[in-house]
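Spelled out, the chains give:
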Amino acid sequence: YFDGGTVLAVGDSACWVVNPSGTLFEKQSYPEYELIGMTEGENSAALVLRRYGNTDGGRLLVVRSTGDVAYTADFEGSFRDISPAGSEGYWLLTGGELLHAGGKGWDQRLDIPADGRMVCGLGDRAIVLGLTSLTEYRPCRDGERGASHELFTGPVVRGAPGRDIY
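Because the structure is a prediction, the values reported are computed rather than measured. (Residues numbered from 1 in each chain as written. Predicted model: local features only at pLDDT ≥ 70, side-chain atom pairs only at ≥ 80, totals over all residues. Heavy atoms only, no water.)

*Asks:* A description of the side chain of N19 should follow, citing residues and the corresponding values.
*Replies:* Relative to the assigned elements, N19 resides in the loop between β2 (14-18) and β3 (24-29). Leave out the neighbours within four places in its chain, and N19 touches T6 and F25. (Helix = DSSP H or I, 4+ residues; strand = E, 2+ residues; numbered from the N terminus. Contact = heavy atoms within 4.5 Å.)

*Asks:* Lay out the environment of A114 in plain terms, naming residues and giving numbers.
*Replies:* Of note, A114 is situated in the loop between β11 (106-111) and β12 (118-122). For the pair A114 and T94, spaced 20 residues apart in sequence, the C-alpha separation works out to 7.9 Å.

*Asks:* Describe the pairing of β12, naming the residues involved and giving the relevant values.
*Replies:* When β12 meets strand β13 (residues 125-129), the two strands line up antiparallel, connected through five bridges. In the sheet register, C120 faces β13, and the bridge partner there is I127. Between the end of β12 and the start of β13, which pair antiparallel, lie two residues, with G123 showing a positive phi angle near 65 degrees. (Pairing = 2+ DSSP bridges.)

*Asks:* Before we move on, could you go through the sheet that holds strand β4 (residues 33-40) and cite the residues and values that matter?
*Replies:* Across the sheet, which stays open at both edges, the four strands sit in the order β4-β5-β6-β7 with antiparallel pairing between neighbours. The sheet is open, and its two edges are formed by β4 and β7 (69-75), each paired on a single side. Averaged over all pairs of adjacent strands, the angle between their axes in this sheet comes to 20 degrees, without regard to strand direction. Pairing between strand β6 (residues 58-64) and β7: six bridges, direction antiparallel. The partner of R59 across the bridge, within β7, is D74. (Axes fitted to C-alpha atoms, helices over the stretch in contact; angles between N-to-C directions.)

*Asks:* Help me get a handle on the pairing of strand β9 (residues 89-94), residues and values and all.
*Replies:* By the criterion of burial, β9 is predominantly enclosed, with six of the six residues buried. Burial along β9 is two-sided: G89, W91 and L93 facing one way and Y90, L92 and T94 facing the other are all buried. With six bridges connecting them, strand β8 (residues 79-85) and β9 associate as antiparallel partners. By the bridge assignment, F79 is partnered in β9 with T94. (Buried < 20%, exposed > 50% of the residue type's maximum accessible area, 1.4 Å probe, protein only.)

Taken by themselves, the reported measurements are silent on function.
As structure tokens, this is what we get:
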């Protein structure tokens, strides 16, 4: 759901944006792709697509709450996870990169360890859960380098929901 009651319905080969009265705003088709991930931001939704038959790489399709496509951006590597990043962007995690998409496509690419499994956006930062660490990444600023800070190191043992043991 978007503000104002607009709904995004996502299917195997297309997505539809419908306003509260039931009128269709837009339909975006992706018949040559399979849906492998999705998340919602404040004013848009990001769909992660991969061509049928491929095992690596893919395309990020960002659809605005009005139903039109904000942008598409291709990526390489094995998709792991996606998360909103602030009010306008998304973090996409692959097997060795953390990518940030702003308002018009990829604007940051950070090389990270290949063990990342999940990403969570926290303002302009990304928290990546790896097999043995929890790491915070900050994007590059004008003239600066991106930064990372390890928050936790050690084995993560999966327990009951909400009861992981470190």
